[in-house]
Amino acid sequence: MSQIATLILDGESHDFPVIVGTENEPAIDISSLRARTGHITLDQGYGNTGSCESAITYIDGEKGILRYRGIPIEQFANGPNFIEVAWLLIFGRLPNVEEYAEFANELTHEANIDEGMRHHFDSFPRKAPPMAILASMVSALSCFHPELLELDDPSRFRSAAARLMSKIRTIAAFAYRHSQGLPYMYPDPREKYVNNFLHMMFSMPYDHYVDDDLVRDALNMILILHADHEQNCSTSTVRMVGSSHANLFASCSAGISALWGPLHGGANVAVLEMLQRIHDGQLTPQEYVKLSKDKESGVRLMGFGHRVYKNFDPRARLLADIAGELLPRLDKNDPLLNIARELEEIALQDPYFVERKLYPNVDFYSGIILRAIGIPVNMFTVIFAMGRLPGWIAHWWEQQQENARISRPRQVYQGNGLTDYTPLHGRKR
Ligand code: ACO
């Protein structure tokens, strides 16, 4: 039987329907609240607000569950590559052999960027943050592919998705090469997605990057584990921008900007900086944990805590395992990994972290793995963006298909009451 939620306001009852999700998560549908009562809800940070109904990703933060289109992420640990998972997220099911081959071919053919676009890289300052370049260049794709600005049928959408997925990798690698003053390496059509990225990052005109299966698998897994996370800050941004019917490139560029912040995708950089600071002897792990509990310090234990996961982040578990396996096999005895383990041990036994349900999140280990495979710190968030792209594309398309209303939250105004304008020269200092 369907549930009803009753709100009593000034003694008057108002009934609202309760929507129940596939996994029995209940939500009160208050879309008629203002029209019926004149009231709105206030939920800063949207911790209690469902902004849409979605069929892409399911998370149970209390139980540490993350599933893409119903499939638990643990099942991706030894299986598919990033492209299969991207297809799954974007098109709603796993691709068959022909669909996979066709999409993979499209990605290969679309890997080059327009030469005009390549020249843009030269005008960015050498020290420009790669995330700024990435956001600008993904937005610039709108200029170079005007035929893909309106995606009114699924086959055009598929072309746009393939183009964006393929070109973001080239743009990301070129941003890095520019920051290092190195020649741009064009994509190699013989290489698959991840190896092609590593080739564009690390090959030299006289020396092709040597593929390493271990490195490829680790990077594949990092991309897969970042591929979607339902209505997080950057995905909500993509949906917010997309709700005005802004095109796919513009919407995903906005997602990149949202991801850049240190409380979101930028956290893996902050984790490495924290570990380095401890390693350099400025603080011991114990002192750092103590500092992070002191609100006055403004310091947080980076890579710990999550808005949704209040038990453990399943992605962090998988990455901790990968880090533990990969580093010895690459013969890397990274002291930062030992510090990370020590911090984790201290924090997990500390009542402050236990009571607040603060556990390691995906960023805690991803930086160490990226560092071990030779990705420089300023590229960490860029890799996150490459991984998150299929999720953004899937959400953008889902929203367009629903012909959803433009996103437009309200506010509770707490400013001046009616105030008269004072001419410039009549104003007091
Ligand atoms: N270190 C120390 N204390 C923390 C931490 C932390 N990492 N995270 C939360 N807390 C404390 C807060 O001070 C607060 O304490 P209080 O109740 O005494 O005031 C309590 O835990 C709740 O914290 P909120 O900020 O309300 O939690 P919220 O859900 O808003 O934030 C967030 C989640 C942003 C991830 C936060 O835990 C954080 O800043 N973590 C560090 C940054 C980080 O790792 N971000 C990556 C997130 S994952 C991702 O984006 C892919």
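This report concerns the structure included in the present document. (Residues numbered from 1 in each chain as written. Predicted model: local features only at pLDDT ≥ 70, side-chain atom pairs only at ≥ 80, totals over all residues. Heavy atoms only, no water.)

1. Describing the sheet that holds strand β5 (residues 65-68)
Alright, step 1. Strand order in the open sheet formed by three strands is β4-β5-β6, with antiparallel pairing between adjacent strands. A strand with exactly one partner marks an edge of an open sheet, and here the two such strands are β4 (57-60) and β6 (71-72).
Alright, step 2. Pairing between β4 and β5: four bridges, direction antiparallel. What sits directly across from I59, in β5, is L66. (Pairing = 2+ DSSP bridges. Helix = DSSP H or I, 4+ residues; strand = E, 2+ residues; numbered from the N terminus.)

2. Digging into the sheet that holds strand β3 (residues 26-28)
Picture the strands of a sheet paired through backbone hydrogen bonds; they go either parallel or antiparallel.
Alright, step 1. The strand order across the open sheet formed by three strands is β1-β2-β3, and the pairing between neighbours is antiparallel. Across the chains shown, the open sheet's two edge strands, defined by having one partner strand only, are β1 (4-9) and β3. When the angles between neighbouring strand axes are averaged without regard to direction, this sheet yields 30°.
Alright, step 2. Direction of pairing for β1 relative to strand β2 (residues 12-20): antiparallel, over a ladder of six bridges. Considered in β2, the bridge of T6 is made with D15. (Axes fitted to C-alpha atoms, helices over the stretch in contact; angles between N-to-C directions.)

3. Here's the deal with the pattern of salt bridges
When the charged atoms of two side chains with opposite charge come close together, those side chains can pair.
Alright, step 1. Taken as a whole and assessed by the stated rule, the structure comprises 18 salt bridges.
Alright, step 2. Note that R67 is salt-bridged to E23, the shortest N-O span being 3.2 Å. Within this pair, whereas R67 is found in strand β5, its partner E23 is found in the loop between β2 and β3, the two being separated by 44 residues in sequence.
Alright, step 3. Residue D217 is joined to R216 by a salt bridge in which the shortest nitrogen-to-oxygen separation is 3.0 Å.
Alright, step 4. A relative accessible area of 41% places D217 in the partly exposed class.
Alright, step 5. Put simply, E110, E147, R163 and K167 are held in one network by salt bridges that share partners. (Salt bridge = Lys/Arg side-chain N within 4 Å of Asp/Glu carboxyl O. Buried < 20%, exposed > 50% of the residue type's maximum accessible area, 1.4 Å probe, protein only.)

4. Side note on the packing of aromatic side chains
Alright, step 1. For the coordinates displayed, the defined rule picks out 18 aromatic pairs.
Alright, step 2. Plain terms: the ring middles of F157 and W397 are 4.0 Å apart, the flat faces sit at 5° to each other, and that makes the pair stacked. One end of the pair, F157, is in helix α6 (residues 154-180); the other, W397, is in helix α17 (residues 380-402), and 240 residues separate them in sequence.
Alright, step 3. Judged by its relative accessible area of 1%, F157 is buried.
Alright, step 4. Cation over ring: R36 sits above F16, and NZ or CZ is 4.5 Å from the ring centre.
Alright, step 5. In this arrangement the basic side chain of R356 is found over the ring face of Y352, its NZ or CZ atom lying 3.9 Å from the centre. (Phe/Tyr/Trp six-rings, centres within 6.5 Å; stacked < 30°, edge-to-face > 60°. Lys NZ or Arg CZ within 6 Å of the ring centre and 35° of its normal.)

5. Comments concerning the site of the ligand
Alright, step 1. Near the ligand you find 20 residues, and of these R300, L301, G303, R307 and Y352 are the closest.
Alright, step 2. Here H264 contributes a side-chain N or O atom positioned 3.0 Å from an oxygen atom of the ligand.
Alright, step 3. A distance of 2.9 Å separates an oxygen atom of the ligand from a polar atom in the side chain of N361.
Alright, step 4. Relative to its free-state accessible area of 930 Å², the ligand is covered by the protein chains to the extent of 76%.
Alright, step 5. For the shell around the ligand, the per-class residue count stands at nine nonpolar, six polar and five charged. (Near = heavy atom within 4 Å. Polar contact = N/O pair within 3.5 Å; in protein donor to acceptor, adjacent residues only side chain to side chain. Areas by Shrake-Rupley, 256 points an atom, 1.4 Å probe, with all protein chains shown as cover. Nonpolar A, V, L, I, M, F, W, Y, C, P; charged D, E, K, R; others polar.)

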